[in-house]
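Fold and contact review
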Amino acid sequence: MKLNHLLLVTTLAAPSSVTAWETGQELSKVVYSSIDASGNGALDFGEVTEMAESIAVSADSDDNEQISLAEFIAWDFGFAFLAEKEGDGDAIQTVKRVMFAVVDLDDDDAIDEGEWRLDTRWNFERADLDANGLLTEREFLNGWTPIVMLKAGKGR
């Protein structure tokens, strides 16, 4: 699965001449490429759903079919590492708490499968600016809510 390969990328150190922000932008592009299973340069909802399901399974470390706040904060593509490298670890934790609150619609301190699916659909529709049912790399990088929120946490 491409997602597993992506997780390996997050452990690589960036050259010292590259800022963590630039590395985060590149990481976002790698995430996009890893989701594009068809290789057609656009993400359809099925590809995004498969990625979201993989993340949910990976984040649910106790296998209880719900993601707690602690699990949500602990799971990461590598953005937290980059933020901590720049001294912004507290900011990324705050962003993740806000992201969790947005997804936890019933405010029961857990994200269940239904909430995760609704959030995936909402994120897809929000990012699909031309409403054609496909996300270009530009739409994904500038409109996928988790990426937008992580950028906002950096003030960019």
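For the structure itself, look to the data block above.
Attention in this report is confined to the structure presented alongside it. (Residues numbered from 1 in each chain as written. Predicted model: local features only at pLDDT ≥ 70, side-chain atom pairs only at ≥ 80, totals over all residues. Heavy atoms only, no water.)

Turning to the overall build of the protein chain, a few remarks are in order. If you tally the helices and strands in the protein chain, you get 9 helices and 4 strands. Ordered by position in the sequence, the α and β elements of the protein chain form the string α-α-β-α-β-α-α-α-β-α-β-α-α. Looking at the 156 residues of the protein chain, the share that counts as buried comes to 42%. In the protein chain, the proportion of contacts linking residues at least 24 apart, taken out of those at least 6 apart, comes to 57%. Carbon and sulfur atoms make up 56% of the accessible area of the protein chain, which amounts to about 8600 Å² in all. (Helix = DSSP H or I, 4+ residues; strand = E, 2+ residues; numbered from the N terminus. Buried < 20%, exposed > 50% of the residue type's maximum accessible area, 1.4 Å probe, protein only. Contact = heavy atoms within 4.5 Å. Areas by Shrake-Rupley, 256 points an atom, 1.4 Å probe, with all protein chains shown as cover.)

Here the focus is helix 7 (residues 113-127). For helix 7, spanning 15 residues, the distance from its first C-alpha to its last is 21 Å, which sits close to the expected 21 Å at 1.5 Å a residue. Buried residues of helix 7: Glu 115, Trp 116, Asp 119, Thr 120, Asn 123, Phe 124 and Ala 127, and no others. When helix 7 is viewed along its axis, its buried side chains cluster within an angular range of 165° and face the same direction. One side-chain oxygen of the residue at the start of helix 7 lies 3.1 Å from the amide nitrogen of Gly 114, identifying that residue as Asp 112. (Expected span 1.5 Å × (residues − 1). Arc of directions from axis to C-beta. Polar contact = N/O pair within 3.5 Å; in protein donor to acceptor, adjacent residues only side chain to side chain.)

Further remarks concern a negative patch on the surface. Side chains of Asp 106, Asp 107, Asp 108 and Asp 109 sit close together on the surface and give a patch of like negative charge. Positionally, Asp 107 belongs in the loop between helix 6 (89-103) and strand 3 (110-112). Take Asp 107: its relative accessible area is 63%, and that puts it in the exposed class. (Patch = residues over 30% accessible without salt bridge, like charges linked within 9 Å, V, L, I, M, F, W, Y side chains within 5 Å. Salt bridge = Lys/Arg side-chain N within 4 Å of Asp/Glu carboxyl O. Lys, Arg positive; Asp, Glu negative; His and termini not counted. Charge placed at Lys NZ, Arg CZ, Asp CG, Glu CD.)

With that out of the way, let us pick up the pattern of salt bridges. Considering all chains together, one arrives at 2 salt bridges under this definition. The residue Arg 117 makes a salt bridge to Glu 113 at a minimum N-O spacing of 3.1 Å. A residue pair is termed a helical-turn pair when its members lie 3 or 4 positions apart in one helix, as Arg 117 and Glu 113 do in helix 7 at 4 residues. We classify Glu 113 as exposed; its relative accessible area is 53%.

Attention shifts here to the nonpolar core. Ranked by size, the top nonpolar core spans 31 residues in total, and within it Trp 116, Leu 135, Phe 140 and Trp 144 carry the most contacts. Elements with a minimum of two residues in this core: helix 2 (20-35), helix 3 (45-59), helix 6, helix 7, helix 8 (137-143) and helix 9 (145-153). In terms of residue count, helix 3 provides more of this core than any other element does, 6 residues in total. Excluding its chain neighbours within four sequence positions, the residues that come into contact with Leu 135 are Tyr 32, Gly 41, Ala 42, Leu 43, Val 48, Phe 124, Ala 127, Asp 128, Phe 140 and Trp 144. (Core = buried A, V, L, I, M, F, W, Y, C linked by side-chain atoms within 4.5 Å.)

The end-to-end C-alpha separation of helix 3 is 21 Å, in line with the 21 Å expected for 15 residues at 1.5 Å each. Where helix 3 is concerned, the buried positions are Glu 47, Val 48, Thr 49, Met 51, Ala 52, Ser 54, Ile 55, Ala 56 and Ala 59. N-cap assignment for helix 3: the residue whose side-chain oxygen lies 3.0 Å from the backbone N of Gly 46 is Asp 44.

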